[in-house]
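A closer look at the structure
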Amino acid sequence: MRLLPLTALALFAMTIDATAADKKRPMQVEDLFKFKRVADPQISPDGKHVVYQVTTVDLKENKSSTALYLAATDGKTPPKQLTNPNGKKDTHPRWSPDGQTILFESTRTGTGQLYTIQPFAGGEATKLTSISTGAGTAVWSPDGKAIAFMSMVRPEFSELPFAEADKKNAEADKAAEDNPVKAKTFTKLFYRHWDSYVEDKRGHLFVITATDKGWSEPHNCTPGDRDAYPNSTTFSVGDDFTFTPDGKHLIFAAAPGDGSEAWSTNYELCRVRITNGGGFGSGRKPTEWESLTSDNKAADNGPRFSPDGKKLAYRAQKKAGYEADKWDILVVDVNPDGTFAGKAKNVTEKADVSVNEFVWAVEDGFFFTADDNGSTALQMVSGKSDAVEAVGVPGQLGALSFASGTLCATRAAMDSPAEVVTWNAKAPLVTVSKANAALLAELDLPRPESVKVKVEGGDMQMWVLKPPGFDEKKKWPVAFLVHGGPQGAWEDGWSFRWNPQAWAAQGYVVVMPNPRGSTGFGQKFVDEITGDWGGKCYRDLVAGLDYVEKLPYVDKDRIGAAGASFGGYMMDWFAVNDISKRFKCLISHCSVYNFESMWGTTDELWFDEWEHQGLPWEKPGSYSEFSPHKRAGEMGKHKTPMLVVHNDLDFRCPIGQGHELFSALQRQKVPSRFVNFPDEGHWVTKPKNSLHWHKEVFDWLKKYAPPGGK
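Residues numbered from 1 in each chain as written. Predicted model: local features only at pLDDT ≥ 70, side-chain atom pairs only at ≥ 80, totals over all residues. Heavy atoms only, no water.

Below, the discussion takes up the environment of V675. Mapped onto the fold, V675 is located in strand β39 (residues 672–677). For V675, a relative accessible area of 7% gives the class buried. C-alpha of V675 to C-alpha of E696: the two residues are 21 residues apart in sequence and 8.0 Å apart in space. In this structure, V675 is in contact with L643, V644, V645, H646 and E696, ignoring residues within four places of it in sequence. (Helix = DSSP H or I, 4+ residues; strand = E, 2+ residues; numbered from the N terminus. Buried < 20%, exposed > 50% of the residue type's maximum accessible area, 1.4 Å probe, protein only. Contact = heavy atoms within 4.5 Å.)

In structure tokens:
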């Protein structure tokens, strides 16, 4: 059953400039920083307007700024800038239930604080909070009389009255900043994540309420030594907490509370009263959080109440410890206080797709996104029939928001960065933001071709992107890119980090295979990477390279390969196998090189423990079988030049992995170069660092596999 009578033809009518390619120019790396970065669209309750954030990069000043914009959902009037953050960041806009006020987070006074603005009344934004630890990811109560937000605080102060606790948090932060001794002390795991130290702070939920004199001071509803918010972004899906229909409770995705955060994926939906912990004149003492999903030992998150407040939907996995397990939408009848009034029903169980994000729609159903055959596709499902149906929107969809029969989202493609799009039953898809229309009109951005490659047990999907000015009569070099994850995929989408168009514009045919482990090709295909990184997945990539070398326009003597994270691992694995001879050079960014040392130094232990099906001393063979460091001597035989990029703040694939790899290369006199960013994590995101990264990478590629058709 269709939730909205949409046609694929109408949805495909994108408002992209069709100017002939010969009037356009190839993209330059500097263009990546000229694009506006559009995100987080939120539709108004009446469905007539959408607010969204636009980030502008100042390459010269090496910084960015984010402002809020407002647009009509019918696209008939130009968008207008709603806020001026003066070089800071205004983010996470959320409409009040009556549609008259927009709540958002801003760093304009330093730490993130909450503000409101009335988009139709004019005037400046009003500051709501002044909490030393910052306020973020805020949501409204159903009646608009309360706001909940998250802040990272020290749990030892969390049961004190707010003013006293906030003062102690501020004093502790300042003392640590001023202290010349920068020693850190840890007493438990998960003390760092991605690129920053968590130490002993906890993500707690606070509530402010409307009074006759304005908004109350914040109240900590979740005191204690436990995170009331996902402490891993792996298990965050946007708004990770919500008010119950009666407005008196919060339901939230809580991290494991038994000290197993570093190796457990048991995120639970929990429930507390907004008066929990005392305050508001209640005289209450803090209570244990009530778990609503304790029967499921795998992850639960993303609670969303139905418009009538009678049902709760959330995402859930089934396999404990497996972060790449299939995500489903579960729906359960609830009471006004959020307690379950029945048994949860899995409405996507029949579909072999994994739910990324979802929104309630009409007729007791949902719109959701899922990786699907090289895209992030829009899907719909009826809560009554469990029938899942794809909606024919090409590209990469995300940031869904639905109200009054209109759906809005961001849509990106390999030839276009994200823009805000809307559609409903009465009109075709409309691009309402058009933030990058002028720049796109200048650039020659070819569309990729999707091909199928025969591999063990079936086919592998692979993208082939030809360079601007491509001449099929010439022979072209190839950039063979392997994605990270490994449970990820190259999609018909856009990235400001690894952007295929930037590579193609250098004069390369860019090849992007989606081998075993890639998402969007069924859960079995995803699962087959587990414990077998150098097996079927490697052979899939070899098959992809075989396919590429047979293309009539490819110069097989000018092929280079590159990858990051798992893709970097595969560069290291290529280097110690015979396939290395078929590449003129390799580029390994923030790779996994030594499985044995990786386990004890990475931040999220559950990943390695699942991939190897146990601990290193329990499964030593699993940790060594496909570890490149065990075959390091092969690098000296093949002598394939390798560029190594690794960063000091990468806590996912720690810096030691890069050190070990580079040492093995240099010790065997393999042509190699090590580029280190001491102020970056797993990704290189600072504008000038990113520019330098691109120069290093493209210079290495050009040195060994010269660009251009011949």
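Taken in spatial order, the four strands of this open sheet run β5-β6-β7-β8, and their pairing is antiparallel. One side of each edge strand has no neighbouring strand; the edge strands of this open sheet are β5 (90–95) and β8 (126–127). Two strands pair when backbone bridges link them, and strand β6 (residues 102–106) and strand β7 (residues 113–117) are joined in this way by five bridges, in the antiparallel orientation. Paired with S106 across the strands is Q113, a residue of β7. (Pairing = 2+ DSSP bridges.)

Our focus in this paragraph is the pattern of salt bridges. A pair can form between side chains of opposite charge whenever their charged atoms are brought close. Within this structure, the stated rule accounts for 38 salt bridges. E604 is paired through a salt bridge with R652; the nearest N and O atoms lie 3.1 Å apart. In this pair, E604 sits in the loop between α8 (595–601) and α9 (605–611) while R652 sits in the loop between β38 (642–647) and α12 (655–667), placing the two residues 48 residues apart along the sequence. On the accessibility criterion, E604 (1% relative accessible area) is buried. Salt bridges here are not isolated pairs; linked through shared partners, they connect K188, R202, D225, D227 and E261. (Salt bridge = Lys/Arg side-chain N within 4 Å of Asp/Glu carboxyl O.)

Buried residues dominate β38, accounting for six of its six residues. Both strand β37 (residues 585–589) and β38 contribute to a ladder of four bridges, which runs parallel. Following the sheet pairing, L586 is matched in β38 by M642. Pairing analysis gives six bridges linking β38 to β39, with the strands arranged parallel. By the bridge assignment for β39, L643 is matched with R673. Running through α12, the crossover from β38 to the neighbouring parallel element β39 is right-handed. (Right-handed = clockwise from strand over helix to strand, strands pointing away.)

The strand order across the open sheet formed by four strands is β16-β17-β18-β19, and the pairing between neighbours is antiparallel. Each having just a single partner strand, β16 (241–243) and β19 (290–291) make up the two edges of the open sheet.

Let us look at the packing of helix α6 (residues 536–549) against helix α7 (residues 566–575). Two elements in contact, α6 and α7, have axes separated by 12 Å at closest approach and are oriented at 75 degrees. Looking at the two axes, α6 sits roughly perpendicular to α7. Only F566, M570, W573 and F574 of α7 make contact with α6, whose side of the interface consists of C537, Y538 and L541. A per-class count over the contact of α6 with α7 returns seven nonpolar, no polar and no charged. (Axes fitted to C-alpha atoms, helices over the stretch in contact; angles between N-to-C directions. Parallel < 35°, antiparallel > 145°, perpendicular 65-115°, else oblique. Nonpolar A, V, L, I, M, F, W, Y, C, P; charged D, E, K, R; others polar.)

Attention now moves to unusual backbone geometry. For the bond running from G485 to P486, omega is 0 degrees, close enough to zero to count as cis. Its identity is not glycine, yet N62 carries a phi of approximately 60 degrees, on the positive side. The residue N62 is located in the loop between β2 (49–58) and β3 (63–72) in this model. Overall, the relative accessible area of 31% leaves N62 in the partly exposed class. If you check the backbone angles, Q613 has positive phi at about 55 degrees while not being a glycine. Among the secondary structure elements, Q613 is positioned in the loop between α9 and α10 (620–625). Under the relative-accessibility criterion, Q613 is labelled partly exposed at 44%.

With that settled, the discussion passes to the packing of aromatic side chains. As enumerated under the stated definition, the model contains 42 aromatic pairs in all. Centre to centre, the rings of F149 and F206 are 5.5 Å apart; their planes meet at 10 degrees, and the pair counts as stacked. Of the two residues, F149 sits in strand β10 (residues 146–153) while F206 sits in strand β13 (residues 202–211), which places them 57 residues apart along the sequence. The buried category is assigned to F149, whose relative accessible area is 0%. Judged by its relative accessible area of 4%, F206 is buried. Members of the aromatic cluster, connected to one another through ring pairs, are W533, F566, Y569, W573, F595, F607 and F626. (Phe/Tyr/Trp six-rings, centres within 6.5 Å; stacked < 30°, edge-to-face > 60°.)

A few words on helix α13 (residues 687–704). An ideal rise of 1.5 Å per residue puts 26 Å on 18 residues; α13 measures up with 27 Å between its terminal C-alpha atoms. Where α13 is concerned, the buried positions are P687, N689, S690, W693, H694, E696, V697, F698, W700 and L701. (Expected span 1.5 Å × (residues − 1).)

What the rule picks out here adds up to three cavities of 30 Å³ or more. For the largest cavity, the calculated volume is near 80 Å³. Around the largest cavity sit K188, L189, F190, Y191, V198, E199, D200, K201, R202, D227, N231 and E261, which together line it. In terms of residue class, the lining of the largest cavity is built from four nonpolar, one polar and seven charged. Size it by volume and the second largest cavity reaches roughly 40 Å³. In terms of lining residues, the second largest cavity is bounded by G531, D532, W533, F595, E611, H612, S622 and F626. (1 Å grid on protein atoms, 1.4 Å probe; cavity = no way out; pocket = protein on both sides within 12 Å on 5 of 7 lines; lining within 4 Å. Points joined across faces, edges and corners; volume = space filled by probe spheres on them.)

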